[in-house]
Amino acid sequence: MLRSLSWSLNKQPFLVAYNMGDDLGDEWWIHAEGSGGSEEEGPKEEEVKKRKKKPQGKRKSVEEEEEEKEEEEEERQQRPKKKKKNSTEPPAKAKKKKTVDLTESAIEQEKDEVQTEGVKKKKMRKTESVTQQAKDAGGAEGVKTKKRRRKRITAVLAASEEQAGSPADLQQVLKAHLSLTHSVIEQEELALHDASFLTCNDLTHTLSSYMKQVCPKWAKLQKRHTLKRSLVIIIACSSALRALELIKQLVVFKGEAKILKLFARHIKVEEQMQLLNKIVAHIGVGTPARIAELIQKDGLSLEALKYVVLDWNWRDQKSRRMVDIPEVKPEMLKMLETGILQRCRNGDTKIGLF
């Protein structure tokens, strides 16, 4: 009987338990399971022991369960979400079509590049042949193929020799200017004759020596002059600095005569007009722009004017004369048109080129 029970426990433990019923205790059941040779029964015994060892604690309250649920939800939210794969993936046929299109476009580009390279090569050959022909022609004729640079005005003036101004120079400038702005009849009326000019400076005189040569009776003229707002001599130059230099050179010639500065630097037109109304001045030295402005505003009268001297031969740092400076030349011509040319035609005033 005992052998049959042991055999049955080793082979069929569950049938024995079923037949024996509840007469056998838990200890015998555990012992029977431990004596069995099956490998799967080992973990079952451990689970039963754990159950026995675990003390039956109190049931958790509803609040604790809710707190655990909230903690689990927070952990889920904190976990990084996995990126979903795009469900709308293009089919394999579309990909194949794209690759075919790309290969066709690449082939077309290569063809275009080959054509452009061929055209470039043809152009290069043509240019090379033309240059060779030009070189051969230049070598045969002895002509240089390099382009010549245009010379600047300053370079031309620096290279040219200094020559004294003459009445013909001023007449040409006036003729070119009047032909653009006046009619033929007006040009004839304003044209200057040789009798309207004083002897010109031959580049050997200072301003005082030149004025003594031109105006030998200066002492008598300055004594006779008693009109306000009028001058006997006007000397026009290109800049205010040049005007100051000329005023210094007039010290020997002026005697008791009064000289006025007629330029725009640091002096207003109103101040110059007030001076002309207060005193009797004899000589005015300045720029053509300010002299023309004073004549137009009736601040300066030409009633007593005898001599107009242009600083014609002096050159600045760029070797430019008064006529060569584009800002001064039109102002000089404008000054002459304010009434000086008409007085020269009538014989009341004469022009000198210093």
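Residues numbered from 1 in each chain as written. Predicted model: local features only at pLDDT ≥ 70, side-chain atom pairs only at ≥ 80, totals over all residues. Heavy atoms only, no water.

Participant: Lay out helix α8 (residues 167–181) with the relevant residues and their values.
Facilitator: At 3.6 residues per turn, the α-helix brings residues three or four places apart onto the same side. In this model α8 runs 21 Å from its N-terminal to its C-terminal C-alpha over 15 residues, within 8% of the 21 Å that 1.5 Å per residue would give. Here α8 has its buried residues at L170, V173, L174 and L178. Within α8, the buried residues cover an arc of 125° as seen down the axis, which keeps them to one side. Away from the buried face of α8 by more than 90 degrees, exposed residues Q172, K175 and L180 are located. Buried residues in α8 make contact with α9 (184–190), β4 (307–310), α16 (329–346) and β5 (350–353). (Helix = DSSP H or I, 4+ residues; strand = E, 2+ residues; numbered from the N terminus. Expected span 1.5 Å × (residues − 1). Buried < 20%, exposed > 50% of the residue type's maximum accessible area, 1.4 Å probe, protein only. Arc of directions from axis to C-beta. Contact = heavy atoms within 4.5 Å.)

Participant: Describe the sheet that holds β4, and please don't skip the residues or the numbers.
Facilitator: What the 5 strands build is an open sheet, ordered β2-β3-β1-β4-β5; its pairing is parallel. Each edge of the open sheet is held by one strand with a lone partner, namely β2 (259–262) and β5. Each strand of the sheet is rotated relative to its neighbour by a mean of 20°, with strand direction disregarded. In this sheet, β5 lies alongside β4 in parallel orientation, the contact comprising 4 bridges. Note that in β5 the partner of Y307 across the bridge is K350. Each of β1 (233–236), β2 and β3 (283–286) is contacted by helix α12 (residues 240–249), which is oriented at about 145° to β3, the strand it contacts most. This element, α16, spans β1, β4 and β5 of the sheet and lies at about 150° to β4. (Pairing = 2+ DSSP bridges. Axes fitted to C-alpha atoms, helices over the stretch in contact; angles between N-to-C directions.)

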